[in-house]
Every structure is written in C-alpha cells, then in structure tokens.
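Per-entry structural report
Okay, here's what each chain looks like letter by letter:
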Amino acid sequence: MAEKHAGYCNTMKKLHIKNRCAWVSDHPLYIDYHDSEWGVPLYDEHALFEFLILEGMQAGLNWLTILKKRENYRTCFDNFDAAKIAQYDAHKIKELLNNSGIVRNKLKIHATIANAKAFLQVRSEWKNFSTYIWHFTDGKPVQNHWRSAKQVPTTTPISDKLSMDLKQRGFKFVGSTICYAFMQAVGMVNDHTTNCFRHAELGK
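First, a word on scope: everything that follows refers to the structure included in this document. Keep in mind that this is a model prediction, so the values were computed, not measured.

**Section: the packing of helix H6 (residues 90–97) against helix H7 (residues 106–126)**
At a minimum axis separation of 10 Å, H6 and H7 run at an interaxial angle of 135°. If you check the angle between H6 and H7, you find them oblique. Seen from above, H6 lies across H7 with right-handed handedness. Two secondary-structure elements touch here, H6 through Ile93, Leu96 and Leu97 and H7 through Lys106, Ile109, His110 and Ile113. A class-by-class count of the residues in the contact of H6 with H7 yields 5 nonpolar, 1 polar and 1 charged.

Next comes the structure, spelled out in structure tokens:
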C-alpha cells in the first residue's frame, strides 16, 4: 500500500513539473530569470539600457555569470544611469577595473561609457529610447513558434538591421548575435519553444 502511495505521489510531482526551454539549467537564478523575465515585452527605457549593457558584458561568457554579478553591476554603474555613466573619467574606470564584483574587461567598460553617450543621443532624437528600440519590430513582439532549441536562430535580418543602426550611432559590443540575444531577453521576439509553458503565456 505504501509503495502504491509513493508511486502516486511521484506521478503527481511529475505532473507539476513545468516544461522549460532547453537552455535553462537547474540553477535557481536561471529558472527565475527564465520564468519571470526572459521574453517579457519590456518598454521601460532604463531597463532596456541595462539589458543592452549586460548583453554586451556577456560576450564570450555565459549568461549565468552575468546574472550572478547583476546586482554588483547595478551598484558599480550607478544603477545604469546613462547620464552618470557618460561622465565617467579615468579615475572611475580604474576603480571599476579593480572591482572583483564585475567582469573586469577594459574594452567592455569603455564600451559602456560610449553606449551611455550614444543612448543619450538617441533619447534626444527619439524622445524615448524605448520608442527607438521597438520601432524595429513595429512596436510589438514577433511571435515565433520554434519546436526545439535547434531551430532558434542566433541572428535575424531584424537583429542585423538593429546592430548596424546601433553601430552607426556609436554603440559598442552590439554585433547582430548580441542584438538578437537582447531582443529575446526584452521580449521583442517570443523565442520560448512551443513545449515551454511560457510560450503560450507570452503569446496571448
């Protein structure tokens, strides 16, 4: 009787396990990020700037590394206040390079400062950075229906166009692959695979 009950409990547990995208590990940070943030349409320009910077910081690394250091980045980079970052001087750069709480890459730190300046320029032209970013998908998410992770692209014609435009405006670390990862993260595209419980939720 006890064995039958245990078998029933195990079956019920399996029924409550959610199917997630194949790239999600069992790390709590990854699971929470996937379930609550990745692919959710984001229109706040400050949050969009943060994601653009963090995606650039990820280049050559895995996203979990950045997630673990995310709060440190927010602290070190003045909560991603572009106006403040644009004013960083040699002393501040040296301070950042000595900070073990972030990825200490000189090129990426200089790129962040350049990106802050470019962000402010885009804002002055478009009134809101969000309006600029979202015009590449006509203001709404692209709804994809990938059955497996193997089908999900790393670049698209839209990410190519976004990358080229950002580079022309002075942004750094914004290759098409980084731009597409950014688009996925901020919900410009719904790239949750169809077997993932979030695909349907974000497709509504």
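**Observations regarding the pattern of salt bridges**
A pair can form between side chains of opposite charge whenever their charged atoms are brought close. One pass over the structure, following the stated rule, counts 10 salt bridges. For Arg123, the salt bridge is made with Glu45, and the minimal N-O distance between the two is 3.3 Å. Within this pair, whereas Arg123 is found in helix H7, its partner Glu45 is found in helix H3 (residues 45–58), the two being separated by 78 residues in sequence. Here Arg123 falls in the partly exposed class, since its relative accessible area comes to 32%. With its nearest N and O atoms 2.7 Å apart, the salt bridge here joins Asp165 to Arg169. Salt bridges sharing common partners tie together Glu37, Glu50, Arg70, Glu71 and Arg74.

**Side note on the environment of Asn105**
Locating Asn105 in the fold gives a position in the loop between H6 and H7. Asn105 sits in the partly exposed class, given a relative accessible area of 25%. Asn105 sits 87 residues away from Lys18 along the chain, and the two C-alpha atoms are 37 Å apart. Within the local environment of Asn105, its side chain forms a polar contact with the backbone nitrogen of Lys108, the two atoms lying 3.0 Å apart.

**Considerations on the nonpolar core**
Formed by 53 residues in total, the largest nonpolar core has its most connected members in Tyr73, Phe77, Phe129, Leu162, Phe171 and Phe182. It is H3 that contributes the most residues to this core, 7 residues altogether. Look past the residues within four positions of Phe182 in its chain and what remains in contact with it is Leu48, Phe51, Leu52, Glu55, Ile133, Leu162 and Met188.

**What to know about the packing of aromatic side chains**
One pass over the structure, following the stated rule, counts 13 aromatic pairs. Measuring from ring centre to ring centre gives 5.5 Å for Trp23 and Tyr30, while their planes differ by 75°; the resulting arrangement is edge-to-face. Trp23 sits in the partly exposed class, given a relative accessible area of 31%. With 5.9 Å between their ring centres and 40° between their planes, Phe129 and Tyr132 make a pair best called tilted. One end of the pair is Phe129 and the other is Tyr132, both in helix H8 (residues 129–134) and 3 residues apart, which spans about a single turn. When its relative accessible area of 0% is taken as the criterion, Phe129 is described as buried.

**Quick look at unusual backbone geometry**
Most peptide bonds adopt trans geometry, and most residues besides glycine take a negative phi value. The backbone phi angle of Asp78 is positive, close to 50°, even though this residue is not glycine. With respect to the helices and strands, Asp78 occurs in the loop between helix H4 (63–76) and helix H5 (82–85). Assessed through its relative accessible area of 29%, Asp78 is described here as partly exposed. The phi dihedral of Lys127 is positive, around 75°, even though this residue is not glycine. Along the polypeptide, Lys127 turns up in the loop between H7 and H8. Owing to a relative accessible area of 68%, Lys127 belongs among the exposed residues under this scheme.

**Notes on helix H9 (residues 157–168)**
Taking 1.5 Å of rise per residue, the 12 residues of H9 would be expected to cover 16 Å, and the 17 Å separating its terminal C-alpha atoms lies within 8% of that figure. Buried within H9 we find Ser159, Leu162, Ser163 and Leu166. Around the axis of H9, the buried residues are gathered within 100° of arc, so they sit on the same side. Exposed positions of H9 whose direction lies more than 90 degrees from the buried face are Pro157, Lys161, Met164 and Gln168.

The rules behind the values
Residues numbered from 1 in each chain as written. Predicted model: local features only at pLDDT ≥ 70, side-chain atom pairs only at ≥ 80, totals over all residues. Heavy atoms only, no water. Axes fitted to C-alpha atoms, helices over the stretch in contact; angles between N-to-C directions. Helix = DSSP H or I, 4+ residues; strand = E, 2+ residues; numbered from the N terminus. Parallel < 35°, antiparallel > 145°, perpendicular 65-115°, else oblique. Left-handed = near helix turned anticlockwise from the far one by under 90°. Contact = heavy atoms within 4.5 Å. Nonpolar A, V, L, I, M, F, W, Y, C, P; charged D, E, K, R; others polar. Salt bridge = Lys/Arg side-chain N within 4 Å of Asp/Glu carboxyl O. Buried < 20%, exposed > 50% of the residue type's maximum accessible area, 1.4 Å probe, protein only. Polar contact = N/O pair within 3.5 Å; in protein donor to acceptor, adjacent residues only side chain to side chain. Core = buried A, V, L, I, M, F, W, Y, C linked by side-chain atoms within 4.5 Å. Phe/Tyr/Trp six-rings, centres within 6.5 Å; stacked < 30°, edge-to-face > 60°. Expected span 1.5 Å × (residues − 1). Arc of directions from axis to C-beta.

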